[in-house]
Number of protein chains: 2
Amino acid sequence: MTDRIEFFFEFSSPYGYLASERIEAIAARHQRETLWRPYLLGIIMKTSERRPLYTYPLIGEYSAHDIARCARYWRIPFAEPSKFPISTLAAARAYYAIEANDQVAAQTLAQALYRAYFRDDRDISDTDTVLTIAAEQGHQRAGLEASIQSEPIKQRLREATDEALARKVAGSPFMFVDGEPFWGCDRLDHIDAWLERGGW
Amino acid sequence: MTDRIEFFFEFSSPYGYLASERIEAIAARHQRETLWRPYLLGIIMKTSERRPLYTYPLIGEYSAHDIARCARYWRIPFAEPSKFPISTLAAARAYYAIEANDQVAAQTLAQALYRAYFRDDRDISDTDTVLTIAAEQGHQRAGLEASIQSEPIKQRLREATDEALARKVAGSPFMFVDGEPFWGCDRLDHIDAWLERGGW
């Protein structure tokens, strides 16, 4: 058990992006740190026997409307990406490659990747785009490229996804506060209250 | 377009029950009235190609935990019913039977039915139980029983469910505020802000 707020997310999850823009302020309000944990949602989807939201009749249309409205509600810049969903292997591996040496830099990179995709419509499924964004953050392109393709980093991402599954992460975003599970960007309000009240 | 907040719900939906306990205070805060619209979620589920939450791996377990925690968060009495889910034909028909003459009484009955099921573990799939609860509210048992079984009332419920489908109601609870759709008990917070700000 850690007193960090654990933040599991998938890089192509719009609600995950919205949560990424809200979670730090909530954590800071309660003197908590966060631990960001990108993982591959596809495996969770398969285990929980469902498909991406946008593929369901009724739900797909509603959720697109809700995502854009939630972004405006929380005043978070958001533009629907032209390519959606995408593979986020390169983005998630880049996160763990940087995190091996510098967790703060990894989180900064994750935020930059999320913004690139959900604000600036940059295709972060493309390894070259991920490397360019990392270079903009001051990371060495060649070293990161090698690291992303290395077996230990591939394995690191598999472990993170396995951990999500083992801990019953049901979707993205999914947070743990002192072991208590919260699913969805809207549950950040409950986390805020949970930390305020010391649970309930 | 109506300035009433339209509240679509299914009587066996736990999040619908939680919303029913919250929506009146939020409406009153903004000098709005509500229009309760029970419907049959099964048809919406089928159209949107999904199953009840509790049947999905990962999601089922999480949602049971979340529902109980949400109830405590909003300080709403809640006890998981021993029989779940149930057919809510009798409950929903009873609502429309009463509503034909008295909308306020129908809403009071709906609240009593929801509480009977989600607080007192009474099986409201049973017509006799529904009639007993209605009698506790001062309704004439024999007249209501005949009405529930009448073709116009059966038709009225079909129309309500058809209307939900036509208006792209994706689940329960589902609210419309001046035509704007909101899905989920947590979206009542957004409705509160929507009415406060006049949209966004």
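Use the structure listed above.
What counts, and where the lines are drawn
Residues numbered from 1 in each chain as written. Chains lettered and ligands numbered in written order. Predicted model: local features only at pLDDT ≥ 70, side-chain atom pairs only at ≥ 80, totals over all residues. Heavy atoms only, no water. Helix = DSSP H or I, 4+ residues; strand = E, 2+ residues; numbered from the N terminus. Rg over C-alpha atoms; globule rule 2.2 N^0.38 Å. Buried < 20%, exposed > 50% of the residue type's maximum accessible area, 1.4 Å probe, protein only. Core = buried A, V, L, I, M, F, W, Y, C linked by side-chain atoms within 4.5 Å. Salt bridge = Lys/Arg side-chain N within 4 Å of Asp/Glu carboxyl O. Least-squares fit on C-alpha atoms with pLDDT ≥ 70 in both. Contact = heavy atoms within 4.5 Å. Phe/Tyr/Trp six-rings, centres within 6.5 Å; stacked < 30°, edge-to-face > 60°. Lys NZ or Arg CZ within 6 Å of the ring centre and 35° of its normal. Buried area = accessible area lost by both parts, 1.4 Å probe. Polar contact = N/O pair within 3.5 Å; in protein donor to acceptor, adjacent residues only side chain to side chain. Nonpolar A, V, L, I, M, F, W, Y, C, P; charged D, E, K, R; others polar. Pairing = 2+ DSSP bridges. Axes fitted to C-alpha atoms, helices over the stretch in contact; angles between N-to-C directions.

Turning next to the overall build of chain A. Along the backbone of chain A there are ten helices and four strands. Reading the helices (α) and strands (β) of chain A from amino to carboxyl end gives β-α-α-β-α-α-α-α-α-α-α-β-β-α. Here the C-alpha radius of gyration of chain A, 16 Å, is about what a compact globule of 200 residues would show, namely 16 Å. On the principal axes, the C-alpha backbone points of chain A span a range of 50 × 40 × 35 Å.

Phi is mostly negative for residues that are not glycine, and the peptide bonds are mostly trans. A cis amide bond links B:Phe84 to the next residue, B:Pro85, at an omega of -15°. Tracing the sequence through the fold places B:Pro85 in the loop between helix 4 (59–73) and helix 5 (89–99). The omega torsion of the bond from B:Ser172 to B:Pro173 falls at -5°, within 30 degrees of zero and hence cis. Here A:Glu49, not a glycine, exhibits a phi torsion of approximately 60°, which is positive. Its location among the elements puts A:Glu49 in the loop between helix 3 (41–47) and helix 4 (59–73). For A:Glu49, a relative accessible area of 44% gives the class partly exposed. Phi angles above zero are rare outside glycine, and A:Lys168 is one such case at about 65°. Turning to its location among the elements, A:Lys168 is positioned in the loop between helix 9 (151–166) and strand 3 (174–177).

With that settled, consider the nonpolar core. If you look at the biggest cluster of nonpolar residues, it comprises 57 residues, and the most contacted ones within it are A:Phe11, A:Leu18, A:Leu113, A:Ile124, A:Leu188 and A:Ile191. B:Tyr73, B:Ala92, B:Tyr96 and B:Ala105 belong to the second-largest nonpolar core, a separate cluster that totals 56 residues.

This part covers the pattern of salt bridges. For the structure shown, the criterion picks out 42 salt bridges over all chains. For A:Asp192, the salt bridge is made with A:Arg29, and the minimal N-O distance between the two is 2.9 Å. Here A:Asp192, found in helix 10 (residues 188–197), pairs with A:Arg29, found in helix 2 (residues 23–29); they are 163 residues apart in sequence, far enough to count as distant. Of the charged contacts, one joins A:Lys168 and B:Glu61 as a salt bridge, the two residues approaching to 3.0 Å between their closest N and O atoms. Here B:Glu61 lies in helix 4 and A:Lys168 lies in the loop between helix 9 and strand 3, a pairing that spans two chains. Residue classification places A:Lys168 among the partly exposed positions, given a relative accessible area of 40%. What emerges from the salt-bridge pattern is a single network uniting A:Asp66, A:Arg69, A:Glu180, A:Asp186, A:Arg187, B:Asp66, B:Arg69, B:Glu180, B:Asp186 and B:Arg187.

Time to look at the relation of the copies chain B and chain A. For the pair chain B and chain A, the best superposition has an RMSD of 0.0 Å and corresponds to a rotation of 180° with a translation of 0.0 Å parallel to the axis. Here the symmetry operator amounts to a two-fold rotation axis. Relative to the rotation axis, the C-alpha of B:Asp186 is the closest in chain B, positioned 3.5 Å from it. In this assembly, 100% of the residues forming the interface of chain B have copies in chain A that are likewise at the interface, indicating an isologous arrangement.

Let's shift gears to the packing of aromatic side chains. Residue and element names in this part refer to chain A. Applying the stated criterion across every chain yields a total of 46 aromatic pairs over all chains. Consider the rings of phenylalanine 8 and phenylalanine 176, whose centres lie 5.8 Å apart with planes at 85°: the pair is edge-to-face. Here phenylalanine 176 lies in strand 3 and phenylalanine 8 lies in strand 1 (residues 5–9), a separation of 168 residues in the sequence. Judged on exposure class, the residue phenylalanine 8 and its partner phenylalanine 176 are both buried. Within the aromatic cluster, the residues linked to one another by ring pairs are Phe7, Phe9, Phe11, Tyr17, Trp36, Phe78, Tyr114, Tyr117 and Phe118. For the cation-ring pair, arginine 51 lies above tyrosine 56, with the distance from its terminal atom to the ring centre recorded as 4.1 Å.

Turning our attention to the interface of chain B and chain A. Taken together, the contact pairs 38 residues of chain B with 38 residues of chain A. Across the chain B/chain A interface, buried area totals approximately 3,400 Å², and carbon plus sulfur atoms make up 56% of it. The largest contributions to the chain B side of the interface with chain A come from B:Leu58, B:Tyr62 and B:Tyr73, which together make up 20% of the buried area. If you look at where chain B meets chain A, you find ten salt bridges. When the shortest N-O distance is used, the salt bridge between B:Arg187 and A:Asp186 registers 2.8 Å. Our count for the chain B to chain A interface comes out at 22 residue pairs in polar contact (both at pLDDT 80 or more). Elements with a contribution of two residues or more to the side of chain B that touches chain A: helix 3 (41–47), helix 4, strand 4 (180–183) and helix 10 (188–197) of chain B. For the side of chain B that touches chain A, the leading source of residues is helix 4 of chain B, giving nine residues. Grouping the constituent residues of the side of chain B that touches chain A by class yields 20 nonpolar, four polar and 14 charged.

Moving on: the sheet that holds strand 1 (residues 5–9) of chain B. Whether parallel or antiparallel, the strands of a sheet pair through hydrogen bonds between backbone atoms. The strand order 2-1-3-4 (chain B) describes an open sheet built from four strands, whose pairing is mixed. One side of each edge strand has no neighbouring strand; the edge strands of this open sheet are strand 2 (34–38) and strand 4 of chain B. The sheet shows a mean angle of 20° between the axes of neighbouring strands, direction not considered. When strand 1 of chain B meets strand 2 of chain B, the two strands line up parallel, connected through five bridges. When the bridges of strand 2 of chain B are listed, B:Phe7 appears paired with B:Trp36. The strands touched by helix 4 of chain A within the sheet are strand 3 (174–177) and strand 4 of chain B, with strand 4 of chain B carrying the most contacts at an inclination of about 100°. Of the strands in this sheet, strand 1, strand 3 and strand 4 of chain B touch helix 10 of chain B, which is tilted by about 5° from strand 3 of chain B.

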